[in-house]
Amino acid sequence: MAEVLVLVDHVNGVVRKPTYELLTIASRLGEPSAVYIGPADQADDVTEKVKKYGATKLYVVDEEPIKGYLVAPKAETLQQLAERAGDGGLAAILIPSSGEGKEIAGRLAIKLKSGLVTDAVDVQAASDGHGAAPVTTQSVFAGNYTATTRVTKGTPIITVKPNSATPEEADGAGAVEKFIPVISDAAKAAQIVAVEPRQATGRPELTDAAIVISGGRGTGGDFGPIETLADALGAAVGASRAAVDSGWMPHSYQVGQTGKTVSPQLYVASGISGAIQHRAGMQTSKTIVAVNKDPEAPIFELVDFGVVGDLHTVLPAVTTEINARKEG
Amino acid sequence: MNIVVCVKHVPDATADRRFEPDNTVDRGSVDGLLSELDEYAVEQALQIKQKREGEGVEVTALCVGPDKAVDAVRKALQMGADKGVHVIDDAIAGSDAVATSLVLAKAIERAGGEAKIDLVVCGMASTDGGMGVVPAMLAERLGLPQVTLASVVEIQGNQVRIKRNGDTATEVICGTMPLVLSVTDQSGEPRYPSFKGIMAAKKKPLETWSLGDIGVDAGQVGLSVAWTQVEETTARPARTAGEIVKDEDGSGAKALADFLAANKLI
């Protein structure tokens, strides 16, 4: 079976959940080989983690020589691993669909003369025979359409959105191979001169959460009621672009076209009008609830349940109600 | 200093967007406009020009697309770009990001001519395809540093310094011009064209180039040679209207809690 490269998503060697999702997808397509570009002293821990999700191999690339440079060295690393595998040696290359992941994929597509699919929400092996490119599903036009796409040239390079597969544990051999890429000077042209890690919130990751409670302009900057309800439900907190632009919440909370795409079991939009920008990021949620003072707000066109009312009174009352029912 | 801003003409995101029978974006029956996210790129280019007044900064708006796409260039000219280039060729229709980046890269090279381009500015993604890969592809093709997804841009001399909000961290990225810069919708609100700007735009140079003009073989672009093929597009069934209640004396909260309980969400 051909190898499938999976770029490990991690923060300083701490593996993030999308890695397991990608490994699960990779095992549908071939033999999963994880590619870890990070601190070498974390490699043992990473090996243990990826083995549990079926990684046959782990390529360990010490990030030390390339740490301070943006995107390009990672694309060169994957290029060299792919070229080493040779023509037809790889069934696919799977990369997390973050801003960085997509940029790596874009550069890699040009280098390998290979087709590229971004933001896949599903990837399945081709039904028409061994060696055919996998079939990817994407949600497009702000979630109004679903497209299925296939790469027709080279090694399929696919970036996959978080939550696109349920991680499945599987025993992988996890054979470790150290790999030292040759990085060009040109790839070291854009330097990362400072890094400020995002602060942990103690709440679930926005893109992983089963429930998301979001606030918009209607909060007037007070996210207290949103956060309290979120904590009662074990939910993540999101924000509309209006709330982020107003400086009320950091950009990492933004749900929408230029923020995160979420697809939780329950999405509660509070004080959010429901502009296309926002819809693009939440329209595929399973159940949608809105609380808004304006009965004409377009968000009400999408909802399974809507409350016309002031979020500042409705949300605290709902929180009380939920807490009471939990105890009862 | 020569700046090229890449602008895309896209179907209006607030309109009823759809696909053609061949699964390419329907660019004919839906009204098009300059991609909102590219307006931020135009704005940044114009701010750089303003800060360097008197230093001979020239901003060229570059667009690849069919007839109507020239409107995206016109809008950029109205906002304040100095000149426009529209690359149009029937062979380009249906091109994927890989081919589009080739056309853009070759057009940027030609736009530079003898005087090289110092800065290529792009939006973070288009509002139709939305892949967000073209800026990185341009950096790859042009062999330039990629300084991308900027929420804040500072330029000193030939140094570009940006803030980049990543998934897990905010980074400060530095590069030396010439380079490719992409900016997010946090980088600063784009200006509206003034009446004066709209009038002035009519007199600004706007060139139309074919693939031959930029040295791209027609066989390298278009739907038939795309490295990815969209096999099927399906409209998502419209969400059926749910129940809407009016909150009166706390009734809304109770009704909502009942709804969540009935759906096993609490």
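Parameters at a glance
Residue numbers here run from 1 along each chain, matching the order of that chain's written sequence. Chains and ligands are labelled sequentially in the order written, the chains with letters from A and the ligands with numbers from 1. At least 70 in pLDDT is required for a residue's local features to be given in this predicted model, at least 80 for side-chain atom pairs to be given and counted, and no such filter applies to totals for whole chains, interfaces and linings, which use all residues. Water and hydrogen atoms play no part in the side-chain values, which are based on all heavy atoms of the structure. UniProt positions are given in the numbering used here, feature names are shortened, and annotations may be inferred rather than shown by experiment. We call two residues in contact whenever any of their non-hydrogen atoms come within 4.5 Å of each other. Accessible area that two parts lose when put together, evaluated with a 1.4 Å probe and summed over both, is termed the buried area. Any carboxyl oxygen of Asp or Glu within 4 Å of a side-chain nitrogen of Lys or Arg constitutes a salt bridge here. Within 3.5 Å is the distance limit for a polar contact, defined as a pair of N or O atoms, with the added protein rule that one can donate a hydrogen and the other accept it, and that residues adjacent in sequence qualify only through two side-chain atoms. Numbering of helices and strands runs from the N terminus, with a helix taken as a DSSP run of H or I at least four residues long and a strand as a DSSP run of E at least two residues long. DSSP calls a pair of strands paired once it identifies at least 2 bridges connecting them. Each residue is placed in one exposure class: buried if its accessible area under a 1.4 Å probe, protein chains only, is under 20% of its type's maximum, exposed if it is over 50%, and partly exposed if it falls in between.

An unreviewed UniProt entry lists chain B under the name Electron transfer flavoprotein subunit beta, from Phytohabitans suffuscus. Under the UniProt heading Subunit (unreviewed entry), the note attached to chain B is "Heterodimer of an alpha and a beta subunit."

Per an unreviewed UniProt entry, chain A carries the name Electron transfer flavoprotein subunit alpha and comes from Phytohabitans suffuscus. As its UniProt record puts it under Sequence similarities (unreviewed entry), chain A is described as follows: "Belongs to the ETF alpha-subunit/FixB family." Turning to chain A, the UniProt record has this under Subunit (unreviewed entry): "Heterodimer of an alpha and a beta subunit."

This part covers the interface of chain A and chain B. If you look at the interface, chain A gives 84 residues, while chain B gives 77 residues. For the pair chain A and chain B, the two sides together bury roughly 6700 Å², of which 59% comes from carbon and sulfur. It is A:I110, A:F141 and A:F305 in chain A that bury the most area against chain B; as a group they hold 11% of the surface buried on that side. At the junction of chain A and chain B, the tally comes to 10 salt bridges. Here A:E103 makes a salt bridge to B:R164, at a shortest N to O gap of 2.9 Å. Summed over the shared surface of chain A and chain B, the number is 39 residue pairs in polar contact (both at pLDDT 80 or more). Among the elements that take part in the side of chain A that touches chain B, helix α4 (residues 99-112) of chain A stands out by supplying nine residues, more than any other. Relative to strand β13 (residues 243-246) of chain B, strand β17 (residues 305-308) of chain A is paired through four bridges, and the arrangement is parallel.

Turning next to the pattern of salt bridges. One pass over the structure, following the stated rule, counts 37 salt bridges over all chains. Between A:D122 and A:R28 there is a salt bridge, with its nearest N and O atoms 3.5 Å apart. On the criterion of sequence distance, the pair formed by A:D122 in strand β7 (residues 116-124) and A:R28 in helix α1 (residues 17-29) is long-range, its members being 94 residues apart. Its relative accessible area of 31% is what places A:R28 among the partly exposed residues. Where A:K111 meets B:E140, a salt bridge forms, and the shortest distance between an N and an O atom there is 3.0 Å. Pair noted here: A:K111 is in helix α4 and B:E140 is in helix α4 (residues 134-142), and the two residues belong to different chains.

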